[in-house]
Amino acid sequence: MLTRLLSSPAVSLAGAFPRLCTFPVFIHPKTSLPVSPYRTGAAAFCSSPQGSADSANPIPEESSKRGPLEPGLYLVGTPIGNLEDVTLRALRVLKSAHVILSEDTRHSGKLLQHYNIRTPLLSYHKFNESQREQTVLRRLKQGEIVALISDAGTPGISDPGTELAKLCISENIPVVPIPGPSAFVAALSASGLSTDEFTFVGFLPKHNGSRKDRLMVSANEASTQVFYVPPHKLRQFLEETSPLFGDSRQCVIAREITKLHEQFWRGTLEEAKEAFSVHQPKGEITLLIEGKTSPTVETPSECELENELSNLISSGYSLSTAVKLAAVGTSVKRKTIYSIALRKFGKQLGSEDIDLDSCKSK
């Protein structure tokens, strides 16, 4: 027999349990006891309003099932822009650690203050990494729990941490990853480009030659290529990639991920050059370029080869490098392209150091 439930005003448990949602409760007509209209007896957990007192200390207490943390180095992922993206496990580790190694103590102090964590901070960045290592190693050998965080994201991924992790592993000290936010993973997941295979390149080298060599490798890979690009170098990046990847290659420019002004720009490299030729965006940029499709072997005309060689040489490539790039994806022998390049551009380049063997051998 179905029990008839008489409605009564909603009963809020928010006072006693701040993180519990308010839900309607009905009074049983015979027992006069409150009854939930939902079949499950579990209460729903909701995020507290921003700025509430409860949001400052959501850290779970130690559980007998989990037990205390073991000594070792903990690589803790932290938010890349939105403080709500921190995990409960990350907060527990940061609270339990004896010391937190931080790329910028002032920046990280805001995170700790927000969650009422009073663990001491110790600066640890690319300029003092080598000096700090032995001090940190000594503390770890004494049985301390050391947490390492970067300004944003996962330590060791385009941030300090790799060398310290290597050192700890060589000394048989546990290295424990605490997963968290990562800008390139977030950008890749929402990019719309292939995620079956991808190459995370990160920041390109500052040296021109090394940077172009890296771009040459990326341009010929079939997997999605992921870069970190400083906003003030975006235009330079697009100018350098277009000749190598091709103007028609699709790209995604993800900016300010998880922040208030998050933006995903999508289009070809040529369209990107035009869109950002004058306007310089602000904020951290993750730039993704689609992988190279299976090349169809083509036989370009001599005029087409001359134009391509001209564009590459104008972009700063040496004659021999331009020949190698022009030969990719064509049925024309490199020796033939070299002869065209030498006849057309040999005099204007003068006594440039040309790798004759690499050009003539194929």
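Rules of the game
- Note that residues are indexed from 1 along each chain, following the sequence as it is written.
- Under the rules for a predicted model, residues below a pLDDT of 70 receive no local features and side-chain atom pairs below 80 are neither given nor counted, while totals for whole chains, interfaces and linings still include all residues.
- Water and hydrogen atoms play no part in the side-chain values, which are based on all heavy atoms of the structure.
- Between Lys or Arg on one side and Asp or Glu on the other, a salt bridge is scored when a side-chain nitrogen of the former is within 4 Å of a carboxyl oxygen of the latter.
- Only DSSP runs of H or I covering at least 4 residues are called helices, and only runs of E covering at least 2 are called strands; the numbering of each starts at the N terminus.
- For the exposure calls, accessible area comes from a 1.4 Å probe over protein chains only, and a residue counts as buried if that area is under 20% of its type's maximum, exposed if over 50%, partly exposed in between.
- Any pair of residues with heavy atoms lying within 4.5 Å of one another is described as a contacting pair.
- Stacked, edge-to-face and tilted are the three classes for Phe, Tyr and Trp ring pairs, Trp counted by its six-membered ring, which pair at centre distances within 6.5 Å; planes under 30 degrees apart are stacked, over 60 edge-to-face, the rest tilted.
- In this analysis, strands are considered paired if DSSP registers two or more bridges between them.
- For helices, the fitted line uses only the C-alpha atoms of the stretch in contact; every axis is such a line through C-alpha atoms, and the angle between N-to-C directions lies from 0 to 180 degrees.
- Put simply, buried Ala, Val, Leu, Ile, Met, Phe, Trp, Tyr and Cys residues joined by side-chain atoms within 4.5 Å make one nonpolar core.
- Segmentation into domains, and thus their bounds, comes from an automatic or database assignment.

If you check an unreviewed UniProt entry, the protein appears there as rRNA small subunit methyltransferase I from Parasponia andersonii.

Engineer: Got a minute to help me understand the pattern of salt bridges in this structure?
Structural biologist: Two side chains of opposite charge can pair, provided their charged atoms sit close to one another. Tallied over the entire structure, the rule returns 10 salt bridges. We note a salt bridge from Lys273 to Asp247, for which the minimum N-O separation is 3.8 Å. Of this pair, Lys273 sits in helix H8 (residues 269-275) while Asp247 sits in the loop between helix H7 (234-245) and strand S10 (250-255), placing them 26 residues apart in sequence. You can call Lys273 partly exposed: its relative accessible area is 23%.

Engineer: I'm lost on helix H1 (residues 88-96) in this one. Help?
Structural biologist: Because each turn of an α-helix spans 3.6 residues, side chains separated by three or four positions in sequence point in the same direction. Buried within H1 we find Ala90, Leu91, Arg92, Val93 and Leu94. Contact partners of the buried residues in H1: strand S3 (72-76), strand S4 (99-102), helix H2 (105-114), strand S6 (145-149) and strand S7 (175-178).

Engineer: Just to check I follow, could you spell out the packing of aromatic side chains for this structure?
Structural biologist: Any aromatic ring pair is given by two values, namely how distant the centres are and how the planes are angled relative to each other. This model, assessed by the stated rule, comprises six aromatic pairs. Relative to Phe276, the ring of Trp265 lies with its centre 5.7 Å away and its plane at 70°, an arrangement referred to as edge-to-face. Taken together, the positions of Trp265 in strand S11 (residues 263-268) and Phe276 in the loop between H8 and strand S12 (285-289) put the pair 11 residues apart, joining distant regions of the chain. Comparing Trp265 with Phe276, the two get one shared label, buried. What links up through ring pairs into an aromatic cluster is the set Phe184, Phe198, Phe200, Phe203 and Tyr228.

Engineer: How should the sheet that holds S12 be read in this particular structure?
Structural biologist: Neighbouring strands of a sheet are bound in pairs by backbone hydrogen bonds; such pairs are parallel or else antiparallel. As summarised here, the arrangement of the five strands in space is S8-S9-S12-S10-S11, forming an open sheet in which the pairing is mixed. Of all strands in the sheet, those with a lone pairing partner are strand S8 (198-202) and S11, marking the two edges. When the angles between neighbouring strand axes are averaged without regard to direction, this sheet yields 20°. Across six bridges, S10 lies against S11 in antiparallel orientation. For Gln250, the partnering residue across the bridge sits in S11 and is Thr268. Lying on the sheet, helix H5 (residues 183-191) is in contact with S8, strand S9 (224-229), S10, S11 and S12; it crosses S12 at an angle near 45°. Across the sheet, helix H6 (residues 208-219) touches S8 and S9, and the angle it forms with S9 is around 150°.

Engineer: Would you mind showing me how to read the nonpolar core here?
Structural biologist: Across soluble globular proteins, nonpolar side chains have a tendency to be buried as a group. Counting 38 residues, the largest nonpolar core has Phe227, Phe237, Leu244, Leu287 and Leu309 as the members making the most contacts within it. Ranked by the residues each element gives to this core, the list is headed by helix H10 (residues 319-327), at six residues. Counting the residues that make up this core, at least three belong to each of domain 2 (184-289) and domain 3 (302-345). Contacts of Leu309, omitting those with residues within four sequence positions, involve Ala322, Val323, Ala326, Ile337, Ile340, Ala341 and Phe345. Within the second largest apolar cluster, 18 residues are counted, among which are Val76, Val93, Ile100 and Tyr115.

Engineer: What is the right way to look at the sheet that holds S3 in this model?
Structural biologist: A sheet is described by the order of its strands in space; here five strands give the open sequence S5-S4-S6-S3-S7, paired in parallel fashion. Unpaired on one side and paired on the other, strand S5 (121-123) and S7 mark the two borders of the sheet. Averaged over neighbouring strand pairs, the angle between their axes works out to 25° when direction is ignored. Note: S4 against S6, four bridges, orientation parallel. Across the sheet, Ser102 pairs through a bridge with Ile149, a residue of S6. Against the sheet, H2 engages S4, S5 and S6, with an angle of about 155° to S5.

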